[in-house]
Amino acid sequence: MERLRQEIRVSVKGLEQGMFVCRLDRPWLESAFPLQGFVIRSEKELRTLQSICSHVYVDIASGRSPNPRFVELDDSHLLQAARAKDEFTELRKTSWQTTSELEAELPRAEQAMDTLQGGIEEVLDDLKHGRGLDLKKLRLGVDDMIGSITRNPAAFSWLREIKRKDAFAYHHALACSVWAASFGRHLGLELDDLHELALGGLVFDLGKASLPGPLLAKDESTLVGHELEQMRGHVARSLEILQDAPDATPHILAMVATHHERHDGSGYPAGLAGNAIPMSGRILGVVDTYDTLTSSRNQVQGLSPHRAVAELYQMRGTQFQPELIEQFIQTCGIYPTGSLVELSNGQVGVVTAVHSLKRLRPNIMLLLGEDHLPLPQFVTIDLGEVRDDNEDEPLSIKGSLPPGAFGIDLTELFLD
């Protein structure tokens, strides 16, 4: 089980080298510091923090403790953090271990994805022709997918990214199902709960099938009046479809009913807030938003995975529970699977797997050399293990690249 942070709010006047800064008093992305937190190692970092912040939060379990006279009381934060820790501790029923290497798992994951795709197509065809929803047609694919994700979540995540040529609604359902199950695995949920999350991710937007195409093509944030009412009505319509399905459990129904509710009460249809939203609904809300941000629709390019993570981080404390966003970032990484990145030596690659404890050092498939020309053969490196380049210089990610940079199309990459 992961060690829990012990956060203390400290005036920047009391910061010293060796302290682990885990939160700022402003969004991380307004600073040059890494999102996952860092140990203060230089006077320059101290001066920078003191120039942009009035206080920060330090984790005394990961670094030096502050002088008590610089500690600032923040009872509301401490109470909220304590409650959140209790909540996530109660969720964790098991600790999943990776039992299959990525290369070995990919063929099994691809077979499971094909089975799941066939089930989705059959279910959508049934609804299109007025037939009832039969969740049994999805369960075999879900069983296979959960098996793969529990063995190694990287395989399904990678396949999800390179198969993005499908229609949005179809791919979105598949992606949310994969994300929900992967997120649940990270949180330590048990097998039955992972199955429920995966099924919920497949069917939560079925009600949109009855909406007119031009309405679906619009960004929901631009809708007003009758159009907004129509769009928001898809939740009730999804529930109507599911209530007639024998295998739709109360857990799945609750997930579908609440995936548009928001932490600050600004969501719909019931305006629920905070812990009144079931955890499964909160999880689905996060993964639904993330995949929508990264998906291209109507000739509008989606955000890079790295930029989408940054957008989600900006929503913490308002639309989404802060602790849940932090847990999701641990699941997907600062540079999620599918991110195009440039390394410090000029090489370009795509992230194929992330490490929850080394979020800035994922596995990368190198595509372009230092001259930005295609490599004769793709090579995968683990930045968690490879620390230096061929010139013995420190090797790290210089930054993320927009989708399609250097003409790279992930959907045209084929794995041997």
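In case you missed it, the structure is sitting above this.
Below you will find a few notes about this structure. Everything quoted here is computed from the prediction, not taken from an experiment.

## As for the sheet that holds strand S7 (residues 363-368)
Within the open sheet, the 5 strands sit side by side as S8-S7-S6-S5-S9. Their pairing is antiparallel. What marks the edges here is a single partner per strand, and that holds for strand S8 (374-382) and strand S9 (397-401). Going across the sheet, the axis of each strand differs from the next one's by a mean of 30°, ignoring polarity. As judged from the 5 bridges shared by strand S6 (residues 348-353) and S7, these two strands associate in the antiparallel manner. By the bridge assignment, Val350 is partnered in S7 with Met365.

## Observations concerning a negative patch on the surface
A grouping of Glu370, Asp371, Asp388, Glu391, Asp392 and Glu393 is seen on the molecular surface, where their side chains present a negatively charged patch. In this fold, Glu393 is placed in the loop between S8 and S9. You can call Glu393 partly exposed: its relative accessible area is 46%.

## Some words on the sheet that holds strand S3 (residues 38-39)
Taken together, the 4 strands give an open sheet; going across it, the order is S1-S4-S2-S3, and neighbouring strands pair in antiparallel fashion. Whereas interior strands pair on both sides, the edge strands pair on one side only; in this sheet they are strand S1 (7-11) and S3. Both S1 and strand S4 (residues 55-59) contribute to a ladder of 5 bridges, which runs antiparallel. Opposite Val10, over in S4, you have Val56 as the bridge partner.

## Overview of unusual backbone geometry
Of note, the amide linkage connecting Tyr268 to Pro269 takes the cis form, showing an omega dihedral of 10°. Among the secondary structure elements, Pro269 is positioned in the loop between helix H11 (250-258) and helix H12 (279-294). Notably, His372 is not glycine yet its phi reads approximately 65°, a positive angle. Secondary-structure assignment places His372 in the loop between S7 and S8.

## A word on the pattern of salt bridges
One side chain can pair with another of opposite charge once the charged atoms of both are near each other. The final tally for this structure, using the stated rule, is 13 salt bridges. The partner of Glu105 in a salt bridge is Arg151, with the nearest N and O atoms 2.9 Å apart. Taken as a pair, Glu105 in helix H3 (residues 102-128) and Arg151 in helix H4 (residues 136-151) lie far apart in primary sequence, 46 residues in all. The class for Arg151 is partly exposed, based on a relative accessible area of 23%. Lys208 is paired through a salt bridge with Asp205; the nearest N and O atoms lie 3.6 Å apart. Connected via shared salt-bridge partners are Glu122, Asp125, Asp126, Arg131 and Lys137.

## Considering empty space enclosed by the protein
Throughout the structure, instances matching the rule amount to 1 cavity of 30 Å³ or more. Estimated volume of the largest cavity: approximately 80 Å³. Taken together, 14 residues make up the lining of the largest cavity; nearest its centre are His263, Arg282, Gln319, Phe320 and Gln321. At 4 residues, H12 tops the list of elements feeding residues into the lining of the largest cavity.

What counts and what doesn't
Residues numbered from 1 in each chain as written. Predicted model: local features only at pLDDT ≥ 70, side-chain atom pairs only at ≥ 80, totals over all residues. Heavy atoms only, no water. Pairing = 2+ DSSP bridges. Helix = DSSP H or I, 4+ residues; strand = E, 2+ residues; numbered from the N terminus. Axes fitted to C-alpha atoms, helices over the stretch in contact; angles between N-to-C directions. Patch = residues over 30% accessible without salt bridge, like charges linked within 9 Å, V, L, I, M, F, W, Y side chains within 5 Å. Areas by Shrake-Rupley, 256 points an atom, 1.4 Å probe, with all protein chains shown as cover. Salt bridge = Lys/Arg side-chain N within 4 Å of Asp/Glu carboxyl O. Lys, Arg positive; Asp, Glu negative; His and termini not counted. Charge placed at Lys NZ, Arg CZ, Asp CG, Glu CD. Buried < 20%, exposed > 50% of the residue type's maximum accessible area, 1.4 Å probe, protein only. 1 Å grid on protein atoms, 1.4 Å probe; cavity = no way out; pocket = protein on both sides within 12 Å on 5 of 7 lines; lining within 4 Å. Points joined across faces, edges and corners; volume = space filled by probe spheres on them.

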